[in-house]
Amino acid sequence: MILADFDYVRPAGLDEALVLLGGHPGARVLAGGQSLLPDLGNGTTTARMLVDVRRLEELRGIGRTPDGALRIGAATTLAELAAHPLVLAGAPELAAAARANGDPQVRNMGTAGGNLSAAGRPTDLPVAALAADARVELAGPGGRRTVTAEDFAASGPPPATVVTALLVPAPGPAAAFEKTADRATRYPLCAVAVRITPGGPRIAVTGATARPQRLPEVESRLAGTAYTTEAVLAAFRAEPRELFVPGRGTSAEYLGHLAGVLTARALARAQAAPS
Ligand SMILES: Cc1cc2nc3c(=O)[nH]c(=O)nc-3n(C[C@H](O)[C@H](O)[C@H](O)COP(=O)(O)OP(=O)(O)OC[C@H]3O[C@@H](n4cnc5c(N)ncnc54)[C@H](O)[C@@H]3O)c2cc1C
């Protein structure tokens with residue numbers, strides 16, 4: 001039961017949503033509610049107004065931009081994302097990350113924008129967005145703009161701002177996502193996404209680290225190698241242990257090794273994908 005006292009508003013369009021968010025301190029964006037409503041229920045967050053963006057036309061749909069990138073509307077559900085042919089073909093790590101989320105109910109209600117914005121939890125999509133070199137499209141007091149997934153993962157959505165879409169370069173299937181879930185919560189104990197580019201692999205990790213992040217040192221150790229399991233595990237052993245944040249019955253050593261094993265698996269899967 002949610003005992004908090006707040007108004008609920010369903011704006012007719014994005015502009016109205018932005019006016020509501022900008023004009024009411026304590027207003028929060030509501031999408032699928034899969035993080036926000038439990039947080040309001042258990043008192044870990046507060047709101048004076050919930051601005052429901054889930055049905056806004058401007059946030060819906062998956063298509064291509066003129067330069068061939070995928071544009072994934074922020075209100076796309078995780079279930080839609082996991083099954084969409086354009087995403088499966090062009091950004092399979094993103095489809096797999098969406099598929100790895102929670103259970104069918106969470107995937108049917110939870111949205112791409114909400115999963116990217118659910119700060120404080122190690123959610124699955126940000127790591128795939130990092131590996132894919134994606135950009136996050138925002139609308140807010142400063143107008144419309146895009147930021148890198150890396151900057152967005154570091155700071156989250158600015159105040160009074162709506163994530164409108166995720167823009168993902170979609171060159172093909174040489175990409176993969178692997179996850180070991182925390183058995184109690186289904187959130188990632190460790191999740192890894194990789195994308196193989198001509199310059200070497202892009203590798204991102206979450207769950208095992210303090211926040212979703214790329215691993216540039218591991219990437220450069222592996223560039224030009226055959227991505228064997230031995231090479232990948234050695235590349236992870238060379239990382240400082242402080243990178244991996246122990247907890248939930250794990251040690252930094254265990255998490256570093258797990259990240260290496262998942263990365264080796266993801267690279268093998270990405271290489272095996274038909275081009
Ligand atoms: C039982 C259960 C299991 C789960 N398992 C997993 C899991 O395995 N992996 C995983 O990654 N997640 C998991 N989740 C979390 C779930 O996937 C996310 O909470 C969900 O994707 C968030 O999307 P939402 O649309 O429900 O966001 P909401 O809950 O509506 O919002 C989440 C946050 O994002 C903000 N927000 C939402 N949309 C926007 C937007 N367009 N612009 C700006 N800010 C926005 C909200 O203000 C809020 O702060 C689980 C949740 C539950 C309840």
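Residues numbered from 1 in each chain as written. Predicted model: local features only at pLDDT ≥ 70, side-chain atom pairs only at ≥ 80, totals over all residues.

## Focus: the domain arrangement of the protein
Counted only if it meets this: An automatic or database domain assignment is the source of the domain bounds shown. Numbering of helices and strands runs from the N terminus; a helix is a DSSP stretch of H or I covering at least four residues, while a strand is a stretch of E covering at least two. Under the grouping applied here, Gly and all other residues not named as nonpolar or charged are polar, the nonpolar ones being Ala, Val, Leu, Ile, Met, Phe, Trp, Tyr, Cys and Pro and the charged ones Asp, Glu, Lys and Arg.
Per the domain assignment, the segments making up the protein are domain 1 (7-52), domain 2 (60-168) and domain 3 (175-272). One C-alpha centre belongs to domain 1, the other to domain 2, and the line joining them spans 19 Å. Take the side of domain 1 that touches domain 2: its biggest share by element is five residues, from helix α1 (residues 14-23). Classifying every residue of the side of domain 1 that touches domain 2 gives six nonpolar, five polar and no charged.

## Some thoughts on the sheet that holds strand β4 (residues 62-64)
Within a sheet, each strand pairs with its neighbour through backbone hydrogen bonds, oriented either parallel or antiparallel. What counts here: For two strands to be treated as a pair, DSSP must find at least two bridges joining them. Note on method: axes are straight lines fitted to C-alpha atoms, helices fitted across the in-contact stretch only, with angles between N-to-C directions ranging 0 to 180 degrees. Placing C-beta atoms from the backbone, we regard two residues as in contact once those atoms come within 7 Å.
Taken in spatial order, the five strands make up an open sheet running β4-β5-β8-β6-β7, and their pairing is antiparallel. The open sheet has two edge strands with one neighbour each: β4 and β7 (143-148). Taking each pair of neighbouring strands and ignoring which way they run, the sheet shows an average axis angle of 25 degrees. Of the strands in this sheet, β6 (135-140) and β8 (162-168) are in contact with α1, which crosses β8 at around 125 degrees.

## Considerations on the sheet that holds strand β2 (residues 27-30)
Read across the sheet, three strands follow the order β1-β3-β2 without closing on themselves; strand pairing throughout is parallel. In this open sheet, the two strands that pair with only one neighbour each are β1 (7-9) and β2. Going across the sheet, the axis of each strand differs from the next one's by a mean of 25 degrees, ignoring polarity. With four bridges joining them, β2 and strand β3 (residues 49-52) adopt parallel strand pairing. The residue of β3 that forms the bridge with Leu30 is Asp52. Contacting β1, β2 and β3, α1 crosses the sheet at an angle of about 165 degrees to β3.

## Observations concerning the pairing of β7
The criterion, for reference: Put simply, a residue is buried when 20 or more other C-beta atoms lie within 10 Å of its own C-beta and exposed when 12 or fewer do; between those, it is partly exposed, and each C-beta is set from the backbone.
The buried fraction of β7 is low, at zero of six residues. Strand direction decides the pairing type here: β6 and β7, joined by six bridges, are antiparallel. Within the sheet, the bridge partner assigned to Glu137 lies in β7 and is Thr146. Turn length for the β6-β7 hairpin, with the two strands adjacent in sequence and antiparallel, is two residues.

## Looking at the environment of Phe244
For Phe244, the location among the structural elements is in the loop between α11 (229-237) and α12 (252-272). Accessibility expressed as a C-beta count within 10 Å gives 24 for Phe244, which makes it buried. When the C-alpha atoms of Phe244 and Cys190 are compared, they prove to be 10.0 Å apart, with 54 residues separating the residues in sequence. Filtering out sequence-adjacent residues up to four positions away, Phe244 remains in contact with Ala208, Thr209, Ala252, Leu255 and Gly256.

## Observations regarding the nonpolar core
Here is the rule we go by: Nonpolar cores are identified as sets of buried Ala, Val, Leu, Ile, Met, Phe, Trp, Tyr and Cys residues joined via C-beta atoms within 7 Å.
With 83 residues, the main nonpolar core has Leu94, Val168, Val192, Ala193 and Val194 as its most contacted residues. Counting residues per element, this core draws most heavily on α12, which supplies eight residues. Excluding residues that lie within four positions of it along the chain, Val194 makes contacts with Ala131, Ala175, Ala176, Pro201, Arg202, Ile203, Thr263, Ala266, Leu267 and Ala270.

## Side note on the environment of Gln213
Here Gln213 is to be found in strand β12 (residues 213-214). Of the residues examined, Gln213 has 18 C-beta atoms within 10 Å and is grouped as partly exposed. Sequence separation between Gln213 and Pro188 is 25 residues, and the spatial gap between their C-alpha atoms is 14 Å. Beyond its immediate stretch of four places on either side in the chain, Gln213 contacts Ala204 and Val205.

## Focus on unusual backbone geometry
We note that Asp133 has phi near 60 degrees; this positive angle belongs to a residue other than glycine. For Ala160, which is not glycine, the phi torsion reads 55 degrees and is therefore positive. Here Ala160 shows up in the loop between α9 (149-155) and β8.

## Points about α12
Each turn of an α-helix holds 3.6 residues, which means side chains three or four residues apart point in the same direction. Quick reminder of the rule: Expected span, for any helix, means 1.5 Å times one less than how many residues it has.
If you check α12, its first and last C-alpha atoms are 30 Å apart, about what 21 residues at 1.5 Å a residue would give, namely 30 Å. By the burial criterion, the buried members of α12 are Leu255, Gly256, Leu258, Ala259, Gly260, Leu262, Thr263, Ala264, Ala266, Leu267 and Ala270.

## Examining the packing of α11 against α12
Keep this limit in mind: Crossing handedness is read from the near helix: turned anticlockwise from the far helix by less than a right angle, it gives a left-handed crossing, and turned clockwise, a right-handed one.
Two elements in contact, α11 and α12, have axes whose closest approach is 9 Å; the angle formed by their N-to-C orientations is 145 degrees. Between α11 and α12 lies a crossing of right-handed hand. Counted together, Thr229, Val232, Leu233 and Phe236 of α11 and Gly256, Ala259, Gly260, Thr263, Ala264 and Leu267 of α12 form the full contact between these two elements. Classifying every residue of the contact of α11 with α12 gives six nonpolar, four polar and no charged.

## Considering the site of the ligand
Selection criterion: In this analysis a residue is considered near a molecule or strand if the C-beta atom, reconstructed from its backbone, is found within 6 Å of that molecule or strand.
As a structural note, the neighbourhood of the ligand is formed by 32 residues, with Gly32, Gly102, Gly110, Gly113 and Gly114 the closest of them. For the shell around the ligand, the element with the most residues is helix α7 (residues 112-117), which contributes four residues. The residue inventory of the shell around the ligand, partitioned by class, reads 16 nonpolar, 13 polar and three charged.

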